[in-house]
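The chain contents come next:
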Amino acid sequence: MAASQTLSSSLSKPSPLSPRLNHTRFYPKPTPPYLLHNTTNPFFTLSSKNPLSDIIISNKNQTSHDVFVDDDDKPREECGVVGIYGDSEASRLCYLALHALQHRGQEGAGIVTVNNNILQSITGVGLVSDVFNESKLDQLPGSLAIGHVRYSTAGQSMLKNVQPFVAGYRFGSVGVAHNGNLVNYRTLRAKLEEKGSIFNTTSDTEVVLHLIATSKHRPFILRIVDACEKLEGAYSIVFVTEDKLVAVRDPLGFRPLVMGRRSNGAVVFASETCALDLIEATYEREVFPGEVVVVDDNGIQSLCLMSHPQPKQCIFEHIYFALPNSVVFGRSVYESRRRFGEVLATESPVDCDVVIAVPDSGVVAALGYAEKAGVPFQQGLIRSHYVGRTFIEPSQKIRDFGVKLKLSPVRAVLEGKRVVVVDDSIVRGTTSSKIVRLLKEAGAKEVHMRIACPPIIGSCYYGVDTPSSEELISNRMSVEEIRDFIGSDSLAFLPMNSLHTMLGNDSPNFCYACFSGKYPVEPRELKVKRVGDFVDDGLNGSLEQIDGGWVQANRNPKEVNASTGA
């Protein structure tokens, strides 16, 4: 996504650029704050994963020997958001909270604060610790802040695409950080362009800013409601104005967003509760699907965005994206994954000597499998924590080089053993085949793969980066064909009916589109935008000419056989 900075000419001149990949901007306050007319809650006191990288992708356009490391065979989350109101250390708390959410995006980070009614922004490419230091945070005073960590799926991670975005319009300035993906982006953009809007990028977040700017409603909160009523798809968004922090979640609640409070009364919003834990904020509740929560000097106020349909929360938050110590959609992620492993041990048992995990996301499910099966869990694969985003590739071809760089088998655990290896998912199957070969070369007598989710057969259009359906191995092969492809002695997925049973009464509240091909919000456009950005600085052309970031909408969803979970 990329910032909209063309909505108004009233922005003051930016301050001189900080080091090359950081921006610092200041946005003045042109108008008085708006007044809300909703009933307020009691006042509060004001006071001062990265998951396994699976395979190596060579960048043929690079002239150096650096090679880009990417999690090519795993779905990827788009981003994480944070909002803080009422703490004089807001920027530093935001910085720490973004650290806790680093697993949700590693390509860029940014923070916007409000000080003396002026919005100040610093964004940069890289990890949170790469973008911010003590001097940068000193430039972000104030008791009101929002932050964002970003994951990009295509093209380069250009600075102008890093959130939060800040823009000025005729009634003020607004900052926004967005987690999700809009399925009607192209339609909305076309309508706005017909009315004269000028777009800087192909960002769906920029569409939200334009909708707010062109709304006929006067109060800012009603502008947000008016804009969101036009959106279709997934969005958990935090906004900041000169005096307000606003959190919004789409009516189906695809992406998570929680609210907490620090002991001094400061209100915190975050994508996961792990961010609240780090900054010692007490979890209070989720932002409800379809809710707009406004925090200002009047307290906390809640507005209903629109009617509440059956929620469709992303099940992959519990399978893969969220940290195990988070509570997502009211459920412990750790307990969900442990139960996935227990169900696999019950539904698909096999005689084995040891249970291991593909670190890190398969560990908790493997623990559940081992406990239920009565077989010891051991670390058969050790993950390297020191591999950067680039490295020097050896001139001589080494088979499975990418996996070996990240994972090291423990021969003492594997040699002569019948091994069950638990992973969270199989997407293309390329990494699984390399892991199986790695384990057998280390002496494993048998390798039995157990996957803690049903087979993935459909692309996601709601904020998860998945390949096109044609690239998904479970959409092209049966379970037995996949087993043969990856070379394991047996293979089993978590059955869909068992997943429904495990979730109990909450089962209808989750989205299973990636397993069923049935979409709660149908992508009606001919092509829909994949997560992330595909327009780099200097790239010109119409949307129809730029195909790299678009996938064909799923017109004929594939039915799932509940008995096999396929």
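In this convention, every chain numbers its residues from 1, walking through the sequence in written order. In view of the model being predicted, local features appear only for residues whose pLDDT reaches at least 70, and side-chain atom pairs are presented and counted only at 80 or more, with totals across whole chains, interfaces and linings using the full set of residues. Neither water nor hydrogens contribute to the side-chain values; these are computed over all heavy atoms in the structure.

Defined as follows: UniProt positions are given in the numbering used here, feature names are shortened, and annotations may be inferred rather than shown by experiment.
Going by the annotation in an unreviewed UniProt entry, the name recorded for the protein chain is amidophosphoribosyltransferase, with Vicia faba given as the source organism. In the Pathway (unreviewed entry) part of its UniProt record, the protein chain is described as follows: "Purine metabolism; IMP biosynthesis via de novo pathway; N(1)-(5-phospho-D-ribosyl)glycinamide from 5-phospho-alpha-D-ribose 1-diphosphate: step 1/2." The UniProt entry for the protein chain carries the following text under Catalytic activity (unreviewed entry): "5-phospho-beta-D-ribosylamine + L-glutamate + diphosphate = 5-phospho-alpha-D-ribose 1-diphosphate + L-glutamine + H2O".

### Quick look at the overall build of the protein chain
Short version of the rule: Segments assigned H or I by DSSP are reported as helices when at least four residues long, segments assigned E as strands when at least two residues long, and all are numbered from the N terminus. Working definition: with a 1.4 Å probe on protein chains only, accessible area under 20% of the residue-type maximum means buried, over 50% means exposed, and in between means partly exposed. All accessibility values rest on the Shrake-Rupley procedure with a 1.4 Å probe; residue burial counts only the protein chains present in the view.
If you tally the helices and strands in the protein chain, you get 17 helices and 31 strands. Across the 566 residues of the protein chain, 61% fall into the buried class. Of the roughly 21,500 Å² that the protein chain leaves accessible, carbon and sulfur atoms contribute 50%.

### Remarks on the packing of helix α9 (residues 333–347) against helix α10 (residues 363–373)
For the record, the criterion: For every element, the axis is a line fit to its C-alpha atoms; helices are fit only across the contacting stretch, and the angle between N-to-C directions ranges from 0 to 180 degrees. With respect to orientation, any angle under 35 degrees is reported as roughly parallel, any angle over 145 as roughly antiparallel, any angle of 65 to 115 as roughly perpendicular, and every other angle as oblique. With the far helix as reference, a near helix turned anticlockwise by less than a right angle produces a left-handed crossing, and one turned clockwise produces a right-handed crossing. In this description, contact between two residues means that some pair of their heavy atoms is separated by no more than 4.5 Å. Charged residues are taken to be Asp, Glu, Lys and Arg, nonpolar residues to be Ala, Val, Leu, Ile, Met, Phe, Trp, Tyr, Cys and Pro, and polar residues to be all remaining types, Gly included.
At a closest axis distance of 7 Å, the pairing of α9 and α10 adopts a crossing angle of 45°. On the basis of their axis angle, the class for α9 and α10 is oblique. For α9 against α10, the interelement crossing comes out right-handed. Across from Tyr334, Arg337, Arg338, Gly341, Glu342, Leu344, Ala345 and Thr346 in α9, the residues of α10 making contact are Val364, Ala365, Leu367, Gly368, Tyr369, Glu371, Lys372 and Ala373. Residue classes in the contact of α9 with α10 are distributed as 8 nonpolar, 3 polar and 5 charged.

### Examining unusual backbone geometry
In this model, Gln163 is joined to Pro164 through a cis peptide bond whose omega is 0°. When you line up the elements, Pro164 lands in the loop between β8 (144–150) and β9 (165–169). The step from Pro359 to Asp360 runs through a cis peptide bond, and the omega angle for that step is 0°. Tracing the chain through its elements places Asp360 in the loop between β21 (354–357) and α10. In the Ramachandran plot, Asn117 falls in the positive-phi region, its phi being about 65° despite a non-glycine side chain. With respect to the helices, strands and loops of the structure, Asn117 is situated in the loop between β6 (108–115) and β7 (118–125). Its relative accessible area of 33% is what places Asn117 among the partly exposed residues.

### Observations concerning the packing of aromatic side chains
One pair of aromatic rings is described through two measures. These are the centre distance and the angle between the planes. Heads up, the condition is: What counts as a ring pair is set by centres within 6.5 Å for rings of Phe, Tyr and Trp (its six-membered ring), and what kind of pair is set by the plane angle: stacked under 30 degrees, edge-to-face over 60, tilted for all other angles.
Inspection of every chain in the model, using the stated rule, returns 10 aromatic pairs. Geometrically, the ring pair formed by Phe316 and Phe321 is tilted, given 5.6 Å between the ring centres and 45° between the ring planes. Judged on exposure class, the residue Phe316 and its partner Phe321 are both buried. Judged by centre distance (5.5 Å) and plane angle (65°), the rings of Tyr320 and Phe321 are edge-to-face. Of the two residues, Tyr320 and Phe321, both sit in the buried class.

### Considering the sheet that holds strand β25 (residues 418–423)
Short version of the rule: Criterion used throughout: strands pair if DSSP finds at least two bridges between them.
Here we have 4 strands laid out as an open sheet, ordered β21-β25-β26-β28, and parallel in their pairing. Each of the sheet's edge strands pairs with one partner strand only, and the pair in question is β21 and β28 (490–493). If you compare each strand with its neighbour and ignore which way they point, the axes differ by 20° on average. With 4 bridges joining them, strand β26 (residues 446–451) and β28 adopt parallel strand pairing. Bridge pairing in β28 links Ile451 to Phe493. Strand contacts of helix α13 (residues 430–441): β21, β25 and β26, with the helix running at about 150° to β26, the strand carrying the most contacts.

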